Amino acid sequence: MAFEYEKYLRMDKIPHLWCPGCGIGVVLKAMLRAVENMGWNKDDVAFVSGIGCTSRAPGYIDCNTLHTTHGRALAFATGIKLARPAKHVVIFSGDGDATAIGGNHFIHACRRNINMTLVVVNNNTYGMTGGQHSPTTPIGYKTSTTVYGNIDPTFDICMLARGAGASYVARATVNKGKQLEKYITKGFEHNGFSVIVATANCHTQFGRKNKMGDPISARKWIADREIPLEKAREMKAEELKDRVITGEFITEEPEKTRWDNYNHPVHEYTEAYQTIRDKAQEKK
Amino acid sequence: MSEKINIPDHYRRWEADIKIGKKDDHVTIGYWRDGCKGCGICVDVCPKKVWEIIEAKDKWNGQVVQVTDASKCIKCMLCEIHCPDFCIKIY
Ligand SMILES: Cc1ncc(C[n+]2csc(CCOP(=O)(O)OP(=O)(O)O)c2C)c(N)n1
Ligand code: SF4
Ligand code: SF4
Ligand code: SF4
Ligand SMILES: [Mg+2]
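Quick caveat, the model's predicted, so the values are computed rather than measured. (Residues numbered from 1 in each chain as written. Chains lettered and ligands numbered in written order. Predicted model: local features only at pLDDT ≥ 70, side-chain atom pairs only at ≥ 80, totals over all residues. Heavy atoms only, no water.)

Counting secondary structure elements, chain A contains 10 helices and 10 strands. Computed over C-alpha atoms, the radius of gyration of chain A comes to 19 Å, within 12% of the 19 Å expected from 2.2 N^0.38 for 284 residues, which places it in the range of a compact globule. For chain A, the spread of C-alpha atoms along the three principal axes comes to 65 × 50 × 40 Å. Scored against the burial criterion, the 284 residues of chain A give a buried share of 54%. For chain A, the share of sequence-separated contacts (at least 6 apart) that also reach a separation of at least 24 residues comes to 69%. For chain A, the accessible surface area stands at approximately 12800 Å², while carbon and sulfur atoms represent 53% of it. Distance from the positive charge centre (37 side chains) to the negative charge centre (30 side chains) of chain A: 4 Å. (Helix = DSSP H or I, 4+ residues; strand = E, 2+ residues; numbered from the N terminus. Rg over C-alpha atoms; globule rule 2.2 N^0.38 Å. Buried < 20%, exposed > 50% of the residue type's maximum accessible area, 1.4 Å probe, protein only. Contact = heavy atoms within 4.5 Å. Areas by Shrake-Rupley, 256 points an atom, 1.4 Å probe, with all protein chains shown as cover. Lys, Arg positive; Asp, Glu negative; His and termini not counted. Charge placed at Lys NZ, Arg CZ, Asp CG, Glu CD.)

Here's what the structure looks like:
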């Protein structure tokens, strides 16, 4: 049965400004279905974003929304969550917003393990400003700032989130709208900082410079590189070069006994913050 | 089918009696032409070739889509889920 997106949209702002076939719309839709899955009251949700094509999304959503400054969405969101811990705070960021200018906020939001959900639309470029290379542009690919091909190694946003302390981490692509919806829903359900990476096409800026200037071939480029985590686990590192690993990297119960989790996650931040509030009030 | 069909009046509609496996079913496809940007994703993701691209002189990229034959639809929802522009409703 059809989904009634109208319920969650500011319809007077639709059609949105994204290019025909842009992946961001597909991710936004998955996120709205996830909100419906949770049965949240619209007044109890805040959508926060920074700057970029991706960050335009909250402008279309009929909930509490905040369009902030480039890279700083997580800082604003943290403020909202600490002031109103019972509200659901969702952040929508681009790869540039979350891992370049906002990289510092990103690792520290992960480290705090604060109960919010970050959806990163990774289109491997700065779409809005003319297709410059980002920390996720693969090696060898052309952008407006890497005209002979990129030489900068990439961040794997899921590994970065995991290493920094996020307690739910998953990735799916725009070719699998249902999988995206499932992971975002699980991120919403999770008590702690959750990061869902949506690998998306920006054919207009990134695609055009790499022989995939239309949405179909740009989506296919992603599909051809997609590989589920279960399969990737059996493969050698060199076979996984340039691939997009999809799946859940950390779930509800992190494998606590694994040696590389010795530092993870200590507590959820708003709960820890409440203990400080309580102590401060006891003193009075 | 008892489900309520909620397709706004300004949507184009196609309907057909279909079979899903051995079960009799009915499909109503709603399409919002004004919102459609002619990206072709619905055409690409549909496993049954229900959609096709057609010329549209009033659109900046010169194309929109239409349903060729609603009776081929298997209600997989892929077109609805992957249209980035909220233009398709499958009931
Ligand atoms: C402080 C600051 N620096 C730079 C910019 C210019 N700027 C706007 S959007 C953007 C990059 C956006 O890239 P990303 O977050 O990946 O979003 P996308 O457009 O790809 O969705 C930049 C550098 C800005 N708006 N503010
Ligand atoms: S420039 Fe790229 S990211 Fe921005 S709307 Fe167009 S396709 Fe999407
Ligand atoms: S629901 Fe599936 S079969 Fe029917 S038109 Fe859409 S993509 Fe094609
Ligand atoms: S996917 Fe949506 S916007 Fe793209 S051609 Fe089909 S109906 Fe139009
Ligand atoms: Mg980007």
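Summing up its helical and strand segments, chain B has 2 helices and 5 strands in all. Along the chain direction, N to C, the helices and strands of chain B fall in the order β-β-α-β-β-α-β. Expected size for 91 residues packed as a compact globule is a radius of gyration near 12 Å; at 13 Å, chain B falls within 12% of this value. The principal-axis extent of the C-alpha atoms belonging to chain B is close to 40 × 25 × 20 Å. Looking at chain B as a whole, 51% of its 91 residues qualify as buried. Considering only residue pairs separated by 6 or more positions, chain B has 51% of its internal contacts joining residues 24 or more positions apart. Approximately 4900 Å² of chain B is accessible, and the part contributed by carbon and sulfur atoms is 50%. For chain B, the distance from the average site of its 15 positive side-chain charges to the average site of its 14 negative ones is 3 Å.

Residues and elements named next belong to chain A. Extensive coverage of strand β3 (residues 88–94) is indicated by the burial of 6 of its 7 residues. The pairing of strand β1 (residues 45–49) with β3 spans 5 bridges and is classified as parallel. Looking at β3, one finds that V45 is bridged to H88. (Pairing = 2+ DSSP bridges.)

This paragraph deals with the sheet that holds strand β10 (residues 244–250) of chain A. Residues and elements named next belong to chain A. The strand order across the open sheet formed by 8 strands is β2-β1-β3-β4-β8-β7-β10-β9, and the pairing between neighbours is mixed. Single-partner strands in this sheet number two, and they are β2 (64–67) and β9 (226–228). The sheet shows a mean angle of 20° between the axes of neighbouring strands, direction not considered. Sheet topology note: the β3/strand β4 (residues 117–122) ladder contains 5 bridges and is parallel. What sits directly across from G94, in β4, is V121. (Axes fitted to C-alpha atoms, helices over the stretch in contact; angles between N-to-C directions.)

Tetrahedral coordination by four donors puts the ideal angle at the metal at 109.5 degrees, and octahedral coordination by six puts it at 90 or 180 degrees. Residues and elements named next belong to chain A. In the first shell of the magnesium ion (ligand 5), the protein supplies D95 (OD), N123 (OD1) and T125 (O), at 2.0 to 2.2 Å from the metal. Between consecutive donors of the magnesium ion (ligand 5), the numbers of intervening residues give the motif D-x27-N-x1-T. Residue D95 is located in helix α3 (residues 95–99), and its partner N123 is located in the loop between β4 and β5 (125–126); the two are separated by 28 residues in the primary sequence. (Donors = N, O, S within 2.8 Å, 3.2 Å for Na, K, Ca; no water.)

Around ligand 4 sit Y31, C36, K37, G38, C39, G40, C42, V65, C83, P84, C87 and I88 of chain B, and those are all the residues in its vicinity. Classifying every residue of the shell around ligand 4 gives 9 nonpolar, 2 polar and 1 charged. (Near = heavy atom within 4 Å. Nonpolar A, V, L, I, M, F, W, Y, C, P; charged D, E, K, R; others polar.)

This next bit is on the interface of chain A and chain B. Taken residue by residue, the interface counts 30 residues in chain A and 25 residues in chain B. Where chain A abuts chain B, roughly 2200 Å² becomes buried across the two surfaces, and 62% of that area is made up of carbon and sulfur atoms. Together, M1, P20 and K29 of chain A form the three largest contributors to the area buried by chain A at its contact with chain B, with a combined 26%. Scanning the region where chain A abuts chain B turns up 1 salt bridge. The partner of K89 of chain B in a salt bridge is E6 of chain A, and the shortest N-O contact between them spans 3.1 Å. Taken together, the connections running from chain A to chain B amount to 13 residue pairs in polar contact (both at pLDDT 80 or more). Taken together, the elements giving at least two residues each to the side of chain A that touches chain B come down to α1 (23–38), α6 (177–189) and α8 (215–225) of chain A. Broken down by element, the side of chain A that touches chain B gets its largest block of residues, 6 residues, from α1 of chain A. Residues that form the side of chain A that touches chain B fall into these classes: 18 nonpolar, 5 polar and 7 charged. (Buried area = accessible area lost by both parts, 1.4 Å probe. Salt bridge = Lys/Arg side-chain N within 4 Å of Asp/Glu carboxyl O. Polar contact = N/O pair within 3.5 Å; in protein donor to acceptor, adjacent residues only side chain to side chain.)

Turning our eyes to something else, we now look at the pairing of strand β1 (residues 12–20) of chain B. Residue and element names in this part refer to chain B. Examined bridge by bridge, β1 and strand β2 (residues 23–31) share 9 bridges and lie antiparallel to one another. Residue pairing for β2: K19 is matched across the bridge by D24. Between β1 and the antiparallel strand that follows it, β2, lie 2 residues; G21 among them carries a positive phi value of about 65°.

The subject of this paragraph is helix α2 (residues 73–83) of chain A. Residues and elements named next belong to chain A. Burial in α2 covers these residues: A73, L74, A77, T78, K81 and L82. Take α2 and look down its axis: the buried residues cluster within an arc of 155°, on one side only. Packed against the buried residues of α2 are β1, β3, α3, α4 (103–112), β4 and α10 (269–283). (Arc of directions from axis to C-beta.)

Turning our attention to the site of ligand 1. All names here are of chain A. If you check the shell around ligand 1, you find 16 residues, and the closest are C53, T54, D95, G96 and D97. Between ligand 1 and G96, the relevant distance is 2.8 Å, taken from an oxygen atom to a main-chain nitrogen or oxygen of the residue. At 3.0 Å, a backbone N or O of M128 approaches an oxygen atom of ligand 1. Compared with its free state, where it exposes 590 Å², ligand 1 has 74% of that area covered by protein. Looking at the shell around ligand 1, the elements with two or more residues in it are α3 and β5. Sort the elements by how many residues they give to the shell around ligand 1 and α3 lands first, with 3 residues.

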